[in-house]
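Letter by letter, the chains look like this.
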Amino acid sequence: MTGIAKDLVFSLRLLRKRPAATVVIVATLGLGIGVNATFFAAFYGMALRPLPFEEPDELVSIWRQHPETGETYRAPSEIDLFQFRDSEALEGLGAYDPTLCNLRADGPPERVPGAAVTVDLFPLLGVAPAQGRAFTPEEGAPGGPRVVLISDDLWRRSFGGEPDFVGRMIQVDGEPAEVVGIMPPGFAFPLNHEIWTPLQLDRASASPTPSGLVFLGRLADGQSVETAESALGVAVAETARQYPDLYRDETAKVRGLHEAWMPPVTQVAAIVMQGLASLVLLIVGANVANMVLAQAMQRRQETALRTALGASRGQLLRQSLVEGTLLAVLGGGFGLLLVLWQGDWMQRVSAVPIPYWLNLKVDGAAVAFSVGISVLTGLGIGLVPGLRSLRGRLVEGLKSGGRSDGGSTASDGRLRQILVVGEYALAVVVLAGALVMVQAYERLQRADTGFAVDHRLTFKLSLPVLDADSRLAALETLERSLDVVRSLPEVKSASATSFLPIENGPYYSAPLEAAGVDFEEGHEPRVTIQAVEPEYFDTMEVDVVDGRGLQAGEFADGAAVALVSRSLAERLWPGEGAVGRQLRPIADDVPWLRIVGVTHDVEPGEPLAGIDRRPADQIYVPISLAGYGDAGFLSRTPAVVLETDAAAVALMPALREALALAEPELPIFDARSMETVLRQHYFAQHIWSRMFAIIAFVALGIAALGAYGVSAYAVNRRVHELGIRLALGARPGRLMAGVIGGGALQAMLGLGLGLALALPMVKGMAGLLHGVDLWDLRVVGGVVALLAFVSLLATYFPARRAAMVDPIVALRQE
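Residues numbered from 1 in each chain as written. Predicted model: local features only at pLDDT ≥ 70, side-chain atom pairs only at ≥ 80, totals over all residues. Heavy atoms only, no water.

Chemist: Even after reading the chapter, I still don't get unusual backbone geometry, so can you show me in this structure?
Modeler: A negative phi angle is the norm for most residues apart from glycine, just as the trans form is the norm for most peptide bonds. At the junction of Phe189 and Pro190, the peptide bond is cis and its omega measures out at 0° in the coordinates. Looking at the secondary structure, you find Pro190 in the loop between β7 (175-182) and β8 (195-198). A positive phi is found at Glu541, a non-glycine position, where the angle reads about 55°. Tracing the backbone through its elements, the reader meets Glu541 in the loop between α16 (536-539) and β15 (544-547). On the basis of relative accessible area, Glu541 is assigned to the partly exposed category, the value being 46%. (Helix = DSSP H or I, 4+ residues; strand = E, 2+ residues; numbered from the N terminus. Buried < 20%, exposed > 50% of the residue type's maximum accessible area, 1.4 Å probe, protein only.)

So this is what it looks like as structure tokens:
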């Protein structure tokens, strides 16, 4: 330890002697290690960090699944809940139904995301209220008391963190409810929800109809996901036997909760990003090794002198390793300061809110990772110059007087050039990945969505609780609200729909039967069912290519008519007309629908592979149509879409004021432009393209610094030679071209090697994104153009210096 301590003191003295070089090296290392720490935090949060629940590895998500397509399209029913609870494969089972609640505090009603949960769900997760108590079994029975749990954030934001708030009555959906507990700070299950009500169910009145419930279970001791899936499949088959009209050939699908909430495609993307960030660290290491190696060559006389005085080769190597590790640790500390200064940057670049359980912040794991890579990087950048410095001969080192490299100039120069080529190659890999990701994202944005996006604004209304008795009143409220919106001078047209054509949220879907078309039982096409108001097609510019749209009289009567997408019409009746034919979603109380029109396909483009998507085939029905449950097709939170030339920010205050006067108890929320909706639909590609671009920018910048350093060092070492050549009549332009040409050759070698290394990466990305290609002209052209620019920038100033060498001054240096 004494020897290492002496080496550490000696290294500190050396660093103080060259402060400028030390600052550059520490800053470069800090940038590389900071980037790695940041992306490791994201990678760890997505792929490795356990969910914030008790024994999260035992938690599973349960769905119904089509046995052949593998599509998990069907949510289980209330009866499934009780039958699954009987299974010995599960230690416990809970369920929740995400919803939105109208909460009234002191001001106007506030729309708050919430969920109805079974009373045993939070105990199953191992989460208890921080204040008050959890739900009781009596509160989870039909007709039980009306009580709620609220989040700590909602308590502080809407109720001022009032002490002794537990036990207070608040207005939820227009009715009083008692607050029985406040959940711990940060808890917002399942995504970013803030209020919870008990899901009131019992076995005797449980419905067999597919529900909106989401099931979470805990595996019993000794059970695996596979055994639980097999056991619950028996219960699903029993339900199908009891209710053959509702269920056919379906089975249970059980997945670990982490896998269900973080799909493998997301985890793979996180791994790719971490891999690219690691390439940045390799570029940084090569860059710093180049700088340290250049300094080691200048210190060759010192090394030779220490050897002559008795220092062993092992001691010299240890000194080099200690110096490199010290630089890396200082750089790691600087990098962590940069990361902490940036804070929650992931939330800022994300187009959608990040779920509360997805912790992407730098914590102890990221700090430990940073320390580890700092030490490894330090050993790496200390090892190369340490070994190289031992190869020179003692006598040559003593004779050199520090003016040359002791006979090792050529080999050391080649090593530094090889490092630069490696930096360029790694930068090309990162840059190719970034450009491919940007290419995929831009392709999605340019795709023909089938509907208008420009100058469209959307928001949602929060209708009262819907049932068979209140459905007509809710429709009248919706129509009055649309009349208010249309009355504003800035609004050209307005309409409503059950959900937006692209939205990462709930939607209607069902298997389909068509008159005169035979399907094998259990293999009926599955369609998306969008309920719309008659003016929807004009407002959204969804073209009706055959037949007509909906008429006001049909809407008022809730007529059993529909429009279908062109792809569905051609699939059901190829080469024949679809208008006048009949079809019906296989669902409760839905009548046969007469087709009155065919629309252009609404298909904004392929989403990420591996992410569940709604069926592309689509039918449109009047939002006033009965069936599909007590409330029909009317959503409790219909989306209003309007066309306007006014900016969304400028129009929303007028909209809120007008609706507040006409419908004071009707909250509006989730106001966005359709451009924002489209961007949020592709949030994964959006955030990944930005992350890849950040990594590529850093990688190119560091590679440019490395190339500049090597060029500048080479010019420094050749001042005497350049002076002689200029004195003998060489043109400055030729000398300048020679330096730039050497840099260009390194860039070309790095380009070829980098493209070869990038090819398998892009092939892997093609499994996540559709239509990406490394050999796309814009990708290859972008890589070549950026690399040429960086190479020119890195070599221009050293080349300019070479051309301006004064021959007299250069000759006097020797």
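Chemist: So what exactly am I meant to see when it comes to the side chain of Thr497 here?
Modeler: Among the secondary structure elements, Thr497 is positioned in strand β12 (residues 491-497). Polar side-chain contacts of Thr497 include one of 3.1 Å to the backbone oxygen of Ala531. In this view, Thr497 contacts Gln530, Ala531, Val532, Tyr536, Ile623, Pro638 and Ala639; residues no more than four positions away in its chain are not counted. (Polar contact = N/O pair within 3.5 Å; in protein donor to acceptor, adjacent residues only side chain to side chain. Contact = heavy atoms within 4.5 Å.)

Chemist: Teacher, can you tell me more about a negative patch on the surface here?
Modeler: A grouping of Glu54, Glu55, Asp57, Glu91 and Asp221 is seen on the molecular surface, where their side chains present a negatively charged patch. With respect to the element layout, Glu55 can be found in the loop between α2 (19-48) and β1 (59-65). Taking relative accessible area as the criterion, Glu55 reaches 45% and is therefore assigned partly exposed. (Patch = residues over 30% accessible without salt bridge, like charges linked within 9 Å, V, L, I, M, F, W, Y side chains within 5 Å. Areas by Shrake-Rupley, 256 points an atom, 1.4 Å probe, with all protein chains shown as cover. Salt bridge = Lys/Arg side-chain N within 4 Å of Asp/Glu carboxyl O. Lys, Arg positive; Asp, Glu negative; His and termini not counted. Charge placed at Lys NZ, Arg CZ, Asp CG, Glu CD.)

Chemist: Teacher, can you tell me more about the confidence of the model for the protein here?
Modeler: Low pLDDT marks stretches whose predicted atomic positions should not be read closely. Put simply, the protein has an average pLDDT of 80, and 81% of its residues get 70 or more. Note that pLDDT drops below 50 for residues 393-398; the model gives that stretch ten contacts with residues more than four away or on any other chain. In this model, residues 400-408 is a region of pLDDT below 50 whose contacts with residues beyond four sequence positions or in other chains number 14 contacts. (pLDDT = per-residue confidence, 0-100.)

Chemist: For this particular structure, what's the right way to read the pattern of salt bridges?
Modeler: Note that side chains of opposite charge can pair when their charged atoms are close. The full count for this structure, using the stated rule, is 22 salt bridges. As a salt-bridge pair, Asp645 and Lys492 come within 3.0 Å of each other at their nearest N and O atoms. Here Asp645 is found in the loop between β20 (639-644) and α19 (648-662), whereas its partner Lys492 is found in strand β12, with 153 residues between them in sequence. There is no split in this pair, since Asp645 and Lys492 are both exposed. In this structure, Glu554 and Arg548 form a salt bridge, with 2.6 Å as the shortest nitrogen-oxygen distance. Three or more residues are tied together by salt bridges with common partners; here these are Asp483, Arg486, Glu533 and Glu535.

Chemist: Looking at this structure, how should I read a nonpolar patch on the surface?
Modeler: Among the surface-exposed residues, Val329, Val367, Val371, Val375, Leu376 and Leu379 lie close enough to one another that they form a single nonpolar patch of about 470 Å² accessible area. Counting residues per element, the nonpolar patch draws most heavily on helix α12 (residues 364-389), which supplies five residues. Within the element layout of this structure, Val371 appears in helix α12.

Chemist: Looking at this structure, how should I read the packing of aromatic side chains?
Modeler: Under the counting rule described, the total for this entry stands at 20 aromatic pairs. Taking the centre distance of 6.0 Å and the plane angle of 45° together, the rings of Phe189 and Trp261 count as tilted. Taken together, the residues span a long stretch of sequence, with Phe189 in the loop between β7 and β8 and Trp261 in helix α7 (residues 257-261) at a distance of 72 residues. As far as the burial class goes, Phe189 and Trp261 line up, both buried. Between the aromatic rings of Tyr536 and Tyr620, the centroid separation amounts to 6.5 Å while the plane-to-plane angle is 40°, which identifies the pairing as tilted. Of this pair, Tyr536 sits in helix α16 while Tyr620 sits in strand β19 (residues 618-622), and the two are 84 residues apart along the sequence. (Phe/Tyr/Trp six-rings, centres within 6.5 Å; stacked < 30°, edge-to-face > 60°.)

Chemist: Help me out: how do you make sense of helix α24 (residues 777-803) in this one?
Modeler: Two residues of an α-helix separated by three or four positions point the same way, owing to the 3.6 residues in each turn. Over its 27 residues, α24 extends 36 Å from the first C-alpha to the last, a length consistent with the 39 Å expected when each residue adds 1.5 Å. At Tyr796, α24 is deflected by roughly 35°, the largest bend along its length, and proline Pro798 occurs up to four residues later in sequence. Along α24, the residues that are buried comprise Val779, Gly782, Val783, Leu787, Val790, Ser791, Ala794, Thr795, Pro798, Ala799, Ala802 and Ala803. (Expected span 1.5 Å × (residues − 1). Bend = angle between axes of the 7 residues up to and from the residue.)

Chemist: What's the story with the nonpolar core in this structure? I'm lost.
Modeler: The nonpolar side chains of soluble globular proteins are, as a tendency, buried together. Membership of the largest hydrophobic core comes to 59 residues, with the highest contact counts inside it found for Leu29, Leu276 and Tyr424. Of all the elements in the fold, those that place two or more residues in this core are α2, α8 (264-298), α10 (313-342), α14 (409-446), α21 (683-717), α23 (732-766) and α24. Residues in contact with Leu29, not counting those within four places in the same chain, are Val284, Val288, Leu327, Ala328, Gly331, Thr377 and Ile381. (Core = buried A, V, L, I, M, F, W, Y, C linked by side-chain atoms within 4.5 Å.)

Chemist: Please clarify how the environment of Phe122 should be interpreted in this entry.
Modeler: Counting through the fold element by element, Phe122 comes out in helix α4 (residues 121-125). With 13 residues separating them in the primary sequence, Phe122 and Phe135 have C-alpha atoms 9.0 Å apart. Leaving out residues up to four positions away in the same chain, Phe122 has contacts with Val117, Val127, Leu149, Met183, Phe187, Phe189 and Trp196.

Chemist: Explain the packing of helix α3 (residues 78-85) against helix α6 (residues 225-242) to me, please; I cannot follow it from the model alone.
Modeler: How two helices sit against one another is set out by the angle between their axes and by the gap between those axes. Contact geometry for α3 and α6: axes closest at 10 Å, N-to-C directions at 140°. For the element pair α3 / α6, the angle class is oblique. Where α3 crosses over α6, the two elements pack in a sense that is right-handed. Contact residues: Asp80, Gln83 and Phe84 in α3; Leu232, Ala235, Val236, Glu238, Thr239 and Gln242 in α6. Among the residues forming the contact of α3 with α6, the class breakdown is four nonpolar, three polar and two charged. (Axes fitted to C-alpha atoms, helices over the stretch in contact; angles between N-to-C directions. Parallel < 35°, antiparallel > 145°, perpendicular 65-115°, else oblique. Left-handed = near helix turned anticlockwise from the far one by under 90°. Nonpolar A, V, L, I, M, F, W, Y, C, P; charged D, E, K, R; others polar.)

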